[in-house]
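# Fold and contact review
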Amino acid sequence: MRFGTPYEEVYLDDAFVPEKEARLSVLANVVSYGTGTFEGIRAGWNAGHGELYLLEALAHYERLARSARILGLALGHGPERLVEVTAELLRRNQVRGDAYVRPLLLQAGEQLGVRMHDSGLRLCVAATPMPGDYIDQRGVRCMVSSWRRTPDATMPNRAKVIGGYVGPALAKTEAIRAGYDEAIMLTADGYVAEATTSNILLRYGEQWITPAPADDILAGITRGQVMRLLLEEHGMETMERRVQRSELYSCDEALLCGTAALVAPIVEVDGRPVGDGEAGAVTLAVQDALRAISCRRDGRHPEWTTPVYGGR
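Reading guide: rules and limits
- Residues numbered from 1 in each chain as written.
- Predicted model: local features only at pLDDT ≥ 70, side-chain atom pairs only at ≥ 80, totals over all residues.
- Heavy atoms only, no water.
- 1 Å grid on protein atoms, 1.4 Å probe; cavity = no way out; pocket = protein on both sides within 12 Å on 5 of 7 lines; lining within 4 Å.
- Points joined across faces, edges and corners; volume = space filled by probe spheres on them.
- Nonpolar A, V, L, I, M, F, W, Y, C, P; charged D, E, K, R; others polar.
- Phe/Tyr/Trp six-rings, centres within 6.5 Å; stacked < 30°, edge-to-face > 60°.
- Helix = DSSP H or I, 4+ residues; strand = E, 2+ residues; numbered from the N terminus.
- Buried < 20%, exposed > 50% of the residue type's maximum accessible area, 1.4 Å probe, protein only.
- Pairing = 2+ DSSP bridges.
- Patch = residues over 30% accessible without salt bridge, like charges linked within 9 Å, V, L, I, M, F, W, Y side chains within 5 Å.
- Areas by Shrake-Rupley, 256 points an atom, 1.4 Å probe, with all protein chains shown as cover.
- Salt bridge = Lys/Arg side-chain N within 4 Å of Asp/Glu carboxyl O.
- Core = buried A, V, L, I, M, F, W, Y, C linked by side-chain atoms within 4.5 Å.
- Contact = heavy atoms within 4.5 Å.
- Expected span 1.5 Å × (residues − 1).

### With respect to empty space enclosed by the protein
Summary: where empty space remains is shown by rolling a probe the size of a single water molecule over the atoms. The final tally for this structure, using the stated rule, is two cavities of 30 Å³ or more. By volume, the largest cavity amounts to about 100 Å³. Lining the largest cavity, in full, are Arg149, Thr150, Met155, Pro156, Asn157, Ala159, Lys160, Val161, Gly164, Tyr165 and Leu218. Each residue belonging to the lining of the largest cavity can be placed in one class, and the counts come to six nonpolar, three polar and two charged. For the second largest cavity, the calculated volume is near 30 Å³. Surrounding the second largest cavity, Arg42, Leu55, Glu56, His60, Ile221, Thr222, Gln225 and Thr259 form its lining.

### Considerations on the packing of aromatic side chains
Overall, the coordinates contain four aromatic pairs when judged by the stated rule. Measuring from ring centre to ring centre gives 5.7 Å for Phe3 and Tyr100, while their planes differ by 75 degrees; the resulting arrangement is edge-to-face. Residue Phe3 is found in the segment before strand S1 (9–12), and its partner Tyr100 is found in strand S6 (residues 99–107); the two are separated by 97 residues along the sequence. On the accessibility criterion, Phe3 (33% relative accessible area) is partly exposed. Given the relative accessible area of 9%, Tyr100 is considered buried. A ring pair is formed by Phe38 and Tyr165, whose centres lie 5.2 Å apart and whose planes are at 70 degrees; its orientation type is edge-to-face.

### Digging into the pairing of strand S7 (residues 121–129)
Across two bridges, S1 lies against S7 in antiparallel orientation. Pairing of Leu12 across the sheet is with Cys124, part of S7. The pairing of S6 with S7 spans nine bridges and is antiparallel. Residue pairing across strands places Tyr100 opposite Thr128, the latter belonging to S7.

### Some thoughts on a nonpolar patch on the surface
A contiguous nonpolar surface patch, about 510 Å² in accessible area, is contributed by Val26, Leu27, Tyr33, Leu112 and Val114. Locating Val26 in the fold gives a position in the loop between strand S2 (15–18) and helix H1 (29–33).

### Concerning the nonpolar core
Soluble globular proteins tend to bury their nonpolar side chains together. Core analysis: the biggest nonpolar cluster contains 29 residues, and Leu54, Tyr61, Leu75, Leu90 and Val101 have the highest contact counts within it. Counting only elements with at least two residues in this core, the list comes to strand S4 (41–46), strand S5 (51–55), helix H2 (57–71), helix H3 (79–92), S6 and S7. Of all the elements, H3 adds the most residues to this core, at six residues. When sequence neighbours within four positions are dropped, the list of residues in contact with Leu54 reads Ile41, Arg42, Ala43, Val83, Thr86, Ala87, Leu90, Val101, Trp304, Thr305, Thr306 and Val308. The next biggest cluster of nonpolar side chains, apart from the first, holds 21 residues, and it includes Val140, Val144, Val269 and Val274.

### Digging into H2
Along its 15 residues, H2 runs 21 Å from first to last C-alpha, staying within 8% of the 21 Å computed at 1.5 Å per residue. Among the residues of H2, Ala57, Ala59, His60, Tyr61, Arg63, Leu64, Ser67, Ala68 and Leu71 are the ones counted as buried. Trailing H2 by a residue or two, Gly72 shows a phi angle of about 75 degrees, which is positive.

### What to know about the layout of surface pockets
By volume, the largest pocket amounts to about 660 Å³. Residue lining of the largest pocket: 33 residues in total, with Phe38, Tyr100, Arg102, Lys160 and Thr197 positioned closest to the centre. Its residues placed into classes, the lining of the largest pocket shows 15 nonpolar, 12 polar and six charged. Space inside the second largest pocket adds up to approximately 350 Å³. Lining the second largest pocket are 14 residues, with Ala22, Leu104, Leu106, Cys124 and Ala126 sitting closest to its centre. Mapped by element, the contributors of at least two residues to the lining of the second largest pocket are S1, S6 and S7.

Shown next, in the form of structure tokens:
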């Protein structure tokens, strides 16, 4: 099975049902307007333990609850309950390999009026295998996109709004067609925001910098993990501040991080090498650490993972 192919059962409106029965009408409000919110959660398989681990599942569901609140939607379940539901879903599908979980809170009613209320809210959780890397872990070539990040005054960037990903999708396609791997998006006033589905960090000497939440980013959960590992393992602090485009070209090291991407080194931006044009040593160390922590091959931060089958 490939990434994006769903397992046989999904969770839909308080029941586990066959995936083929979980369908939306073409007139569903969310289909026309993107009215809903979502999350992405990694699950890492440890063959030695015979165990599957959810990575930061509670934090993701806490963010889903915040996103719902921002949009004025009722999630219906607490984050702790949704972690339990997700573990049960993976057990029902007998998942024993790396996987990706996609919770969705949707306005699914057949209602074509543009609004965020009274439109048949539905909650679903599905999962897909993740047999390979979402993005090249050896090094990513980026371009600065002509598409700008939507400002928070237009689209609430502290919520993962379904419709908010049209801009990143356009930016990604623009980058691929131009021969790059990924796009970096700027704010409306020209400062660095983030990549299409991941945050960005840059190193100058012993100091890391990253755009602040006020620069229209989604302050990612993986971003927080990376900042903590940089401090704990390398003694390097990360400063949140405005980042100018030219800093992408002059930094010593750069990385992308996100739930799907985990940690990926940036080796080129707009045809200019980052540092010496090779994956940064600190980036690769953090990449290895987070990948190992995510499936408990590394004993650090067990609080970041939740065992699915009840093992250690």
